[in-house]
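An overview of the molecular structure
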Amino acid sequence: MRIKAVKLIEIILSFVIVVLSFNSCSLSDLISKNSEKPAEASVKTDLKDAVFTFSYGELRNTIPADIVAAIFENYDELNDDVTIEMSYNEIVNRFENGEDDDEFKKMMALCSEEELAQLTANTHEVLEYFVEHINSVKTEKPIVQYTEGFWTKGDSFSFRQGGEDSDSKIADAAKYFDYFVTKGVSNYFDNEENGKKGTTKKGDDLTDIMYLYGEDVACRLTDDDVEKVVSSLMYDYTEYSEKYTDENGREKTRDVRIPTKITRVITIILKDDEQSVTKAFSLGDKKAILDEMAKAKDYFTLDDYSVTFDGCKIVATFNAATDNILSATYDKVMNVETEVQGVGSLEHIGTQSVGFTCTRWVDYQFGWEAEAE
């Protein structure tokens, strides 16, 4: 009986394979493909986001083979003439170091001047779009999860005396200064009274939760305040199986790949002047930070500091099908100059001019009821 059963299964499988051969699909397709067409997403607001076209031939001769293989992973057959369209962020995300990656630069060097011009041609429209939607958060008051942090770039510390770089022993004191800068400022941000960390409820007042703190708007940026604005789309695709009739009237099955989620990523680099930065970022309370730094008075003292800005950046993501803003991350990059007087065990350093680079960041995640449905 068992032998007969096995033979029966073999006959059935053989029949299935024959049927599949006439319908141009595989056994795995028959088992796993979803035959129901999912809801297809489309872009609500056309910002003329940049799209770049590459051929398999030019890419395989330019960037590493594993990256090329990943880019064309959904193609069954490849030759040098096969092309693919990619958005800017789809390209950036293929490389470990993003825009700073040498391989990324090689790939973008394949683009024509006309293609690259797409990245700046829509600056005004994209900036208007961002300002409108980030400001709508303060008026519509969705759920907001927010965190704030601070870090120093350790290798950026420089100690100078009389206009000359200090010797190595003096420079070793940088680790103490770095520790107290990071700890002091972080304590200020983490303090329950001054810090910015938590989650709101829908309808909560966001005046003091979001930039610009204490104001009813989040952003006042104009074209004159920005160095660079890039908008790019990211697609999530779903495959399903559909039936169709070929030119000979035979019914067949084919795989169809459609976008079911579209995310817009907007990156804004501000000009380095304070007037521009303060239209999107709130500046810290200098007195409060100096008070925190005063806790290091057994090692050094300082009375004031000056700040210049260095490529402050905002990265925001949107559901491109609804235009709801999903997140916004602010990096306020600063070059700080101050004068330090050594005290106690650091008295030997005397008076030193100290410079370093640091970043204060704030991240907002927005929860819209429509996104949860």
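For the structure itself, consult the block above.
Okay, so let's go over this structure. No experiment lies behind these values; they were computed from the predicted model shown. (Residues numbered from 1 in each chain as written. Predicted model: local features only at pLDDT ≥ 70, side-chain atom pairs only at ≥ 80, totals over all residues. Heavy atoms only, no water.)

Attention now moves to the overall build of the chain. Looking only at helices and strands, the chain features 13 helices and 13 strands. For the chain, buried positions account for 42% of its 373 residues. Contacts in the chain between residues at least 24 apart in sequence constitute 75% of all its contacts with a sequence separation of at least 6. Carbon and sulfur atoms make up 48% of the accessible area of the chain, which totals about 21300 Å². (Helix = DSSP H or I, 4+ residues; strand = E, 2+ residues; numbered from the N terminus. Buried < 20%, exposed > 50% of the residue type's maximum accessible area, 1.4 Å probe, protein only. Contact = heavy atoms within 4.5 Å. Areas by Shrake-Rupley, 256 points an atom, 1.4 Å probe, with all protein chains shown as cover.)

With that settled, the discussion passes to a negative patch on the surface. A cluster of acidic side chains, namely Glu 125, Glu 128, Glu 132, Asp 223 and Asp 224, defines a negative patch on the protein surface. Mapping Asp 224 onto the fold places it in the loop between strand S6 (198-199) and strand S7 (226-245). (Patch = residues over 30% accessible without salt bridge, like charges linked within 9 Å, V, L, I, M, F, W, Y side chains within 5 Å. Salt bridge = Lys/Arg side-chain N within 4 Å of Asp/Glu carboxyl O. Lys, Arg positive; Asp, Glu negative; His and termini not counted. Charge placed at Lys NZ, Arg CZ, Asp CG, Glu CD.)

In the structure shown here, the tally under the stated rule is 14 aromatic pairs. Ring geometry for Tyr 129 versus Phe 318: centroids 4.9 Å apart, planes at 55 degrees, classification tilted. In this pair, Tyr 129 is assigned in helix H8 (residues 123-140) and Phe 318 in strand S11 (residues 313-319), connecting sequence segments 189 residues apart. Exposure remark for Tyr 129: the relative accessible area of 4% places this residue in the buried category. On the accessibility criterion, Phe 318 (0% relative accessible area) is buried. Between Tyr 235 and Tyr 237, the ring centres sit 5.9 Å apart and the planes meet at 20 degrees, which makes this aromatic pair stacked. Judged by relative accessible area, which is 29%, Tyr 235 ranks as partly exposed. (Phe/Tyr/Trp six-rings, centres within 6.5 Å; stacked < 30°, edge-to-face > 60°.)

Now for the side chain of Ser 231. In this structure, Ser 231 sits in strand S7. Within polar-contact distance, the side chain of Ser 231 engages the side chain of Asp 49 at 2.3 Å. Only 3.3 Å separates the side chain of Ser 231 from the side chain of Arg 264, close enough to count as a polar contact. Setting aside its immediate chain neighbours within four residues, Ser 231 contacts Leu 47, Asp 49, Ala 50, Asn 122, Val 126, Arg 264, Val 265 and Ile 266. (Polar contact = N/O pair within 3.5 Å; in protein donor to acceptor, adjacent residues only side chain to side chain.)

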